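Each chain is listed here by its residues.
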Amino acid sequence: QVQLVESGGGLVQPGGSLKLSCGASATVLSIYTMGWYRQAPGQEREFVAAIASGGSTDYADSWKGRATISRDKAKNVVELQMNSLKPEDTAVYYCAVRPTNWAALSRSMDDYGLWGQGTQVTVSS
């Protein structure tokens, strides 16, 4: 049974930074593409960033230049460093695993078949 556990969320002021972590098994981290998504109240879940098993990364346009996704196999985590946070970034952030064509990057939520429970990020002054 594969399990994903997100952590690192919290309250931060506009312009601040947070680093989120997604814990997974070593096998999952070494084989599968991993993604980060967010969902605000009343909104659809939307793509934030993804990292393939080979190390390639992809970011939503609104995150380019202010977010970095990385994989730390020693700690069994995928991390998302977020900078210059804005109030509109307030949402629940989820990590996910792509179970099919797992070595390829994807922005499509439908390509991800396993989701964590999410961690709340609140950006407010």
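Everything below is about the structure printed above this text.
For the structure given in this document, a descriptive report is provided here. Everything numeric here is computed off the predicted structure, so don't read it as measured data.

In this section: the pairing of strand 3 (residues 18–23). Relative to strand 3, strand 1 (residues 5–7) runs antiparallel, the two being bridged by three bridges. Bridge assignment links Val5 to a residue of strand 3, and that residue is Gly23. Pairing of strand 3 with strand 8 (residues 77–82) involves six bridges; the strand directions are antiparallel. Within strand 8, the residue paired with Leu18 across the bridge is Met82.

So, about the pattern of salt bridges. Scanning the entire structure with this criterion turns up eight salt bridges. Close ionic contact of Lys75 with Asp72 constitutes a salt bridge, the shortest N to O distance being 3.9 Å. A network of salt bridges, in which partner residues are shared, links Arg38, Glu46, Arg66 and Asp89.

Right, let's talk about the packing of aromatic side chains for a bit. In the structure shown here, the tally under the stated rule is six aromatic pairs. Ring centres of Tyr37 and Phe47 lie 5.6 Å apart, and the angle between their planes is 75°; this geometry places the pair in the edge-to-face category. Here Tyr37, found in strand 4 (residues 34–39), pairs with Phe47, found in strand 5 (residues 46–51); they are ten residues apart in sequence, far enough to count as distant. Judged by its relative accessible area of 1%, Tyr37 is buried. Residue classification places Phe47 among the buried positions, given a relative accessible area of 10%. Each ring, one from Trp63 and one from Tyr93, has its centre 6.3 Å from the other, and the planes form 80°; the classification is edge-to-face. Of this pair, Trp63 sits in the loop between strand 6 (57–59) and strand 7 (67–72) while Tyr93 sits in strand 9 (residues 91–97), and the two are 30 residues apart along the sequence. Take Trp63 and Tyr93: they sit in the same class, and that class is buried.

This part takes up the pairing of strand 11 (residues 119–123). Alternating residues of strand 11 divide into Thr119, Val121 and Val123, all buried, and Gln120 and Thr122, none buried. Pairing of strand 2 (residues 10–12) with strand 11 involves three bridges; the strand directions are parallel. Residue pairing across strands places Gly10 opposite Val121, the latter belonging to strand 11. Two elements, strand 9 and strand 11, share three bridges in a ladder whose sense is antiparallel. Paired with Val92 across the bridge in strand 11 is Gln120.

What counts and what doesn't
- Residues numbered from 1 in each chain as written.
- Predicted model: local features only at pLDDT ≥ 70, side-chain atom pairs only at ≥ 80, totals over all residues.
- Heavy atoms only, no water.
- Pairing = 2+ DSSP bridges.
- Helix = DSSP H or I, 4+ residues; strand = E, 2+ residues; numbered from the N terminus.
- Salt bridge = Lys/Arg side-chain N within 4 Å of Asp/Glu carboxyl O.
- Phe/Tyr/Trp six-rings, centres within 6.5 Å; stacked < 30°, edge-to-face > 60°.
- Buried < 20%, exposed > 50% of the residue type's maximum accessible area, 1.4 Å probe, protein only.

Purely geometric numbers; function is a separate question.
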